[in-house]
Amino acid sequence: MSRGAQFARLARGAADWLIGGTGVDPGDPFIYHGLAGVVLALHETHKHFGDDRYRQAVARGADALSAQVDGLEGCSFTSGSSASRSRCVRLVGTQPQTGH
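Remember, predicted model here, so these are calculated numbers, not experimental data.

Engineer: Mind showing me how you'd approach the pattern of salt bridges here?
Structural biologist: Between side chains of opposite charge, a pair can form as their charged atoms come close. Counted under the stated rule, the structure contains five salt bridges. Here Arg-53 makes a salt bridge to Asp-16, at a shortest N to O gap of 3.0 Å. Here the residue Arg-53 occupies a position in helix α3 (residues 52-69), and Asp-16 occupies one in helix α1 (residues 3-20), the gap between them amounting to 37 residues. What makes Asp-16 partly exposed here is its relative accessible area of 32%. Through salt bridges with shared partners, one network takes in Arg-12, Asp-16, Asp-51 and Arg-53.

Given below as structure tokens:
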């Protein structure tokens, strides 16, 4: 098996593990140790492999993140603004609801 094929097999295995939710607290919306990081990784995996399972997992994760960040004070990548949050949600392929 070539190194590229080995990498692809390992990457898919890791993404499938992330979809399974093992080791990730779905109630933790933060990027470095929570759901946002998982959603970002799955987004990149979908872009690379084009597998619709990963796109669907990204959409589910983005919905969960959208529901969580509305209740958190100052939640965004940088400054806590709703504009930053909207950019984050668009990154993972969903549109924020009107009024958020």
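Engineer: Would you mind showing me how to read the nonpolar core here?
Structural biologist: Looking at soluble globular proteins, one finds that nonpolar side chains tend to be buried together. Listed in full, the 12 residues of the largest apolar core are Ala-15, Leu-18, Val-24, Leu-35, Ala-36, Val-38, Val-39, Leu-42, Tyr-54, Ala-57, Val-58 and Leu-65. Contributing elements (two or more residues each) for this core: α1, α2 (35-49) and α3. In terms of residues, this core owes the most to one element, α2, which gives five residues. With residues up to four places along the chain from it excluded, the contact list for Leu-18 reads Val-24, Val-38, Ala-41 and Leu-42.

Engineer: I keep staring at the packing of α1 against α3 and nothing clicks. Help me out?
Structural biologist: Packed helix pairs are specified by the crossing angle of their axes together with the interaxial distance, meaning the distance between the axes. Close contact between α1 and α3 brings their axes to 11 Å; oriented N to C, the two are set at 35 degrees. The way α1 lies across α3 gives a crossing that is left-handed. On the side of α1, the interface is formed by Arg-12, Ala-15, Asp-16 and Ile-19, while α3 contributes Arg-53, Tyr-54, Ala-57 and Arg-60. Looking at the contact of α1 with α3 residue by residue, the class counts come to four nonpolar, no polar and four charged.

Definitions and limits used
- Sequence order as written defines residue numbering, which begins from 1 separately in each chain.
- At least 70 in pLDDT is required for a residue's local features to be given in this predicted model, at least 80 for side-chain atom pairs to be given and counted, and no such filter applies to totals for whole chains, interfaces and linings, which use all residues.
- Computation of side-chain values: all heavy atoms of the structure, hydrogens and water removed.
- Within this document, salt bridges are pairs made up of a side-chain nitrogen of Lys or Arg and a carboxyl oxygen of Asp or Glu, the two lying within 4 Å of each other.
- Secondary structure elements are taken from DSSP: a helix is a run of H or I of four residues or more, a strand is a run of E of two residues or more, and numbering for both begins at the N terminus.
- Think of it in three bands: residues with accessible area under 20% of the maximum for their type are buried, residues over 50% are exposed, and the middle band is partly exposed, with areas taken using a 1.4 Å probe on protein chains only.
- We call a set of buried Ala, Val, Leu, Ile, Met, Phe, Trp, Tyr and Cys residues a nonpolar core when their side-chain atoms join them within 4.5 Å.
- By the convention used here, residues are in contact when the closest approach between their heavy atoms is within 4.5 Å.
- Here, axes are lines fitted to C-alpha atoms. For helices the fit covers the stretch in contact, and angles between N-to-C directions go from 0 to 180 degrees.
- Here is the rule for handedness: rotate from the far helix to the near one, and if that takes an anticlockwise turn smaller than a right angle the crossing is left-handed, while a clockwise turn gives right-handed.
- Amino acids are sorted into nonpolar (Ala, Val, Leu, Ile, Met, Phe, Trp, Tyr, Cys and Pro), charged (Asp, Glu, Lys and Arg) and polar (every other residue, Gly among them).

It is worth stressing that arrangement in space is one thing and function is another; only the former is reported here.
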